[in-house]
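# Results of the structural survey
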Amino acid sequence: MRNFQDVDLMLWNSFMGKAYSVSDCFKENGIGVLVRACKNEGFNITVEDPARIDFYTTFTKNDLTPRLSELSAHIFGKGDVENTVSMRKEWNHLQDNLTKIIKEKMEKYIEGLAQKISKNKVKVLGIKTWLGDRFAYSEKLAKRVSELCPNTLIIAGGPQVNQFKTHALEKSPFDFCIDVEGETTLTKIIHTTRQMYYQGRTKSEVIKRITELAESGEIFNLIYKDGNGTVKETTIKRLSLNLKPFPLYEKEDGKVNIAVINESSGCYYGKCNFCTHPNITGRYQARDINITLEEIKKTIREMGIGLFRFTGSTTPVSLSRRIADAITKEGLTLEYSMFVRAENRAKEKIDALIEAYEKIIRSGLRAVFLGAEVANNEILSKTMNKGNSVDDIYFTIKALKQASYNQKKHLDVGVSFVYPCPIPSGNGITHEQVLEENLCFLRKLKSESCMPDSVLITPGAPLPGTVWQLEPDRFCFEMPENYIQILLRYEYELTKDPSTWPELNISLHGIKFMEMLKMSGFMEKKVREMGYTVNVSDEHCLAARSAGFVGQIGLEEFKMKSDLALLTTDYSFLRDVYQKINEYSRKLAEKNFSSTNKILFAEEKPHDNKACSYHWPGNIGP
């Protein structure tokens, strides 16, 4: 990467020393949007994004990987039980050693990055924070940067700040945090910082000035500390989706060519007791379909990308159908995934739903994910406030699968369950009953040839800002006083044995967290025995199919091999998969370059926005 002198802004995508998920290396939409907004303001910026497979491969290279890979074939394959026990012991020992190696590498990486920030006289460091170790390393970088280059203003944002709000600044060494979106707030801060530094002011004076702007209501979406050290947040203001800049990507950036499309924001229902989305995204917005279409065409034309993820919390069928109509009318070829919500009165309108989903599938839909949560209407209504019924969920899945069958195009359908979950008091429902109802629901779908392609299971947890967290007694949760700060840095991975996870010190109906994980694992075991694939999200289904993995066997193979790559840090499988995805994405894009579509693209007019000139966590969702 080029060496920038006197950099206005460095954006760092926080990193934990190894890959966290298969989707780590997908196109980075949030940073891309900030890059676009800052470039439009004429700022000199640089991006440090280690989430690239070549970087991971080089960074994590160690002598333990070959043996871990060898052991994994026996432990996670079908070896005999007696040998597996002893191998598991060695596996755990090597994993502990691997953690130490990664930690040493990360200490050197953080030091090197802090030195680079100091050398380049970076005025503002913006950190995209994620959960667990990635948040902890964000704090370490902030602390070291403050020591080495005390004039650099340090601002945290991203998913972890969006979810934890003021808690993200309470005990962290950041100067400020930006909540929900930073296109306007960050650019205002950079303008203020540049101007004051040119006048010879100090960092403390810059912080004081930005704090004054916050106190007087002249800056939005900012989390700051007042003169007494009290953490506060200014009013949240969100740009209309129609005015948000398109992300700016580098063409050859070493990322996976699956692009993000913000076709909508928030959830049109937005009342589930367990869901963090309304707290993060605010009221539901649907973007103008013409702008969505423009971004898709622009990405196809300029980046050669034909694979997309629609990122709305729950894209309603009415909106997705209209987007599908627009895609079909333009004659575009692409493939995409999205989240959906079970449709109310799905049984009554199943024929209309099937017809709508057929159109959407014809336009390129290849994977969806929806929250089933639990197959019990009493729980859906009273403790989850889900707003739809078991029948709604059942017939929505049936409609999706029937539409896929009618179109002779495979559609991956993923569903999530929360187990164990809060149970209404006084009605005699037991966790065992809930488990059996969930399994019965899945058996019925399987018997009627409407089997979902993936089932994701996570235990219920009171996430920040949800009704479950704000009213824990009502739902029989118990949490320690410092629960939010513990959760803020809590490191968990669905691909790891839950017995290795640290204790969270929460309980549900008196059931301790570790026991909750075991109950969740037991349901997962039962679901596997029924023939289901577990814990594969919609975007991972899209990735697997694009890389050539066909049918349930293919999805199982993709899941197993990608999990082992993450556990062993042998990323050769992922590197090969990413190359295949990129080739597939490119070929899809090239199908749009017929003589007709070349004329269409050439005549395209940009819309008015000058910026467009060119499971816990997320698993328990709507």
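Cut-off values and rules
Residues numbered from 1 in each chain as written. Predicted model: local features only at pLDDT ≥ 70, side-chain atom pairs only at ≥ 80, totals over all residues. Heavy atoms only, no water. Helix = DSSP H or I, 4+ residues; strand = E, 2+ residues; numbered from the N terminus. Rg over C-alpha atoms; globule rule 2.2 N^0.38 Å. Buried < 20%, exposed > 50% of the residue type's maximum accessible area, 1.4 Å probe, protein only. Areas by Shrake-Rupley, 256 points an atom, 1.4 Å probe, with all protein chains shown as cover. Lys, Arg positive; Asp, Glu negative; His and termini not counted. Charge placed at Lys NZ, Arg CZ, Asp CG, Glu CD. Salt bridge = Lys/Arg side-chain N within 4 Å of Asp/Glu carboxyl O. Pairing = 2+ DSSP bridges. Axes fitted to C-alpha atoms, helices over the stretch in contact; angles between N-to-C directions. Phe/Tyr/Trp six-rings, centres within 6.5 Å; stacked < 30°, edge-to-face > 60°. Lys NZ or Arg CZ within 6 Å of the ring centre and 35° of its normal. Polar contact = N/O pair within 3.5 Å; in protein donor to acceptor, adjacent residues only side chain to side chain. Contact = heavy atoms within 4.5 Å. Disulfide = S-S within 2.5 Å.

## Here we look at the overall build of the chain
- Helix and strand counts for the chain come out as 23 helices and 18 strands.
- The C-alpha radius of gyration computed for the chain amounts to 24 Å, which stays within 12% of the reference 25 Å derived for 622 residues, consistent with globular compactness.
- Expressed along its principal axes, the backbone C-alpha trace of the chain runs to roughly 75 × 60 × 50 Å.
- The buried share of the chain, taken over its 622 residues, is 59%.
- On the chain, roughly 25,600 Å² of surface is accessible, and the fraction owed to carbon and sulfur atoms is 50%.
- Once the 84 positive and 80 negative side-chain charges of the chain are each reduced to a mean point, those two points are 3 Å apart.

## Examining unusual backbone geometry
- Going from Y419 to P420, the amide bond is cis rather than trans, its omega being -5 degrees.
- Looking at the element boundaries, P420 is found in the loop between β14 (412-418) and α16 (431-447).
- With phi around 60 degrees, S449 is a residue other than glycine that occupies positive phi space.
- You can see S449 is positioned in the loop between α16 and β15 (454-458).
- For S449, a relative accessible area of 65% corresponds to the exposed category.
- With phi around 65 degrees, T569 is a residue other than glycine that occupies positive phi space.
- Tracing the sequence through the fold places T569 in the loop between α21 (551-568) and α22 (572-590).
- Take T569: its relative accessible area is 5%, and that puts it in the buried class.

## Considering the pattern of salt bridges
- Per the counting criterion, the structure on display carries 45 salt bridges.
- E181 serves as the salt-bridge partner of K244, at 3.1 Å between the closest nitrogen and oxygen. Highlighted residues: K244 in the loop between β7 (231-233) and β8 (258-261) and E181 in the loop between β5 (176-178) and α8 (183-198), separated in sequence by 63 residues.
- By relative accessible area, which is 14% here, E181 ends up buried.
- Among the residues examined, K244 registers a relative accessible area of 13% and is labelled buried.
- Shared partners join several salt bridges into a network, and the residues in it are D6, D8, K123 and R194.

## Observations regarding the environment of I300
- Here I300 lies in helix α11 (residues 289-303).
- As for I300 and Q115, which are separated by 185 residues in sequence, their C-alpha atoms are 38 Å apart.

## A short note on the sheet that holds β14
- Within the open sheet, the six strands sit side by side as β8-β11-β12-β13-β14-β15. Their pairing is parallel. Each having just a single partner strand, β8 and β15 make up the two edges of the open sheet. On average, each strand axis in the sheet is inclined to that of its neighbour by 20 degrees, with strand direction left out of account.
- Bridge count for β14 against β15 is five bridges, and the pairing is parallel. Among the inter-strand pairings, V418 is bridged to a residue of β15, identified as T458.

## Topic: the packing of aromatic side chains
- Within the structure shown, the criterion is met by 24 aromatic pairs.
- When the ring of W12 is compared with that of Y109, the centres are 6.4 Å apart and the planes differ by 35 degrees; the resulting orientation is tilted. A residue pair is termed long-range when its members are at least 10 positions apart, and W12 in strand β1 (residues 9-13) and Y109 in helix α4 (residues 81-119) qualify at 97 residues. Taken as a pair, W12 and Y109 share a single burial class, namely buried.
- With centroids separated by 5.9 Å and ring planes inclined at 80 degrees, the aromatic side chains of F135 and F174 adopt a geometry described as edge-to-face. Of this pair, F135 sits in helix α5 (residues 133-148) while F174 sits in the loop between α7 (167-170) and β5, placing them 39 residues apart in sequence.
- Given a relative accessible area of 0%, F135 falls into the buried group.
- On the basis of relative accessibility, which here comes to 5%, the residue F174 falls in the buried class.
- Members of the aromatic cluster, joined through ring pairs, are W12, F15, F55, Y56, F59, Y109 and Y571.
- It is K105 that lies over the ring of F59; its NZ or CZ is 6.0 Å from the centre.

## Some words on the sheet that holds strand β2 (residues 45-48)
- If you walk across this open sheet you meet the seven strands as β2-β1-β3-β4-β5-β6-β7, and the pairing is mixed. If you trace the sheet from one side to the other, it starts and ends with β2 and β7, each paired once. If you compare each strand with its neighbour and ignore which way they point, the axes differ by 20 degrees on average.
- Relative to strand β4 (residues 153-157), strand β3 (residues 124-128) runs parallel, the two sharing five bridges. In the strand pairing of β4, V124 is matched with L153.

## Digging into the side chain of N388
- Examined against the element boundaries, N388 turns out to sit in the loop between α14 (377-382) and α15 (390-407).
- The exposure class assigned to N388 is buried, which follows from its relative accessible area of 8%.
- In terms of polar contacts, N388 uses its side chain to reach the backbone carbonyl oxygen of A342, at 3.2 Å.
- Not counting residues within four places of it along the chain, the set of residues in contact with N388 comprises R341, A342, N344, L380 and I393.

## Remarks on the state of the cysteines
- Going through the model one piece at a time under the given rule, you end up with zero disulfides.
- Free cysteine C267: the closest other cysteine sulfur is in C272, separated by 6.3 Å.
- Residue classification places C267 among the buried positions, given a relative accessible area of 10%.

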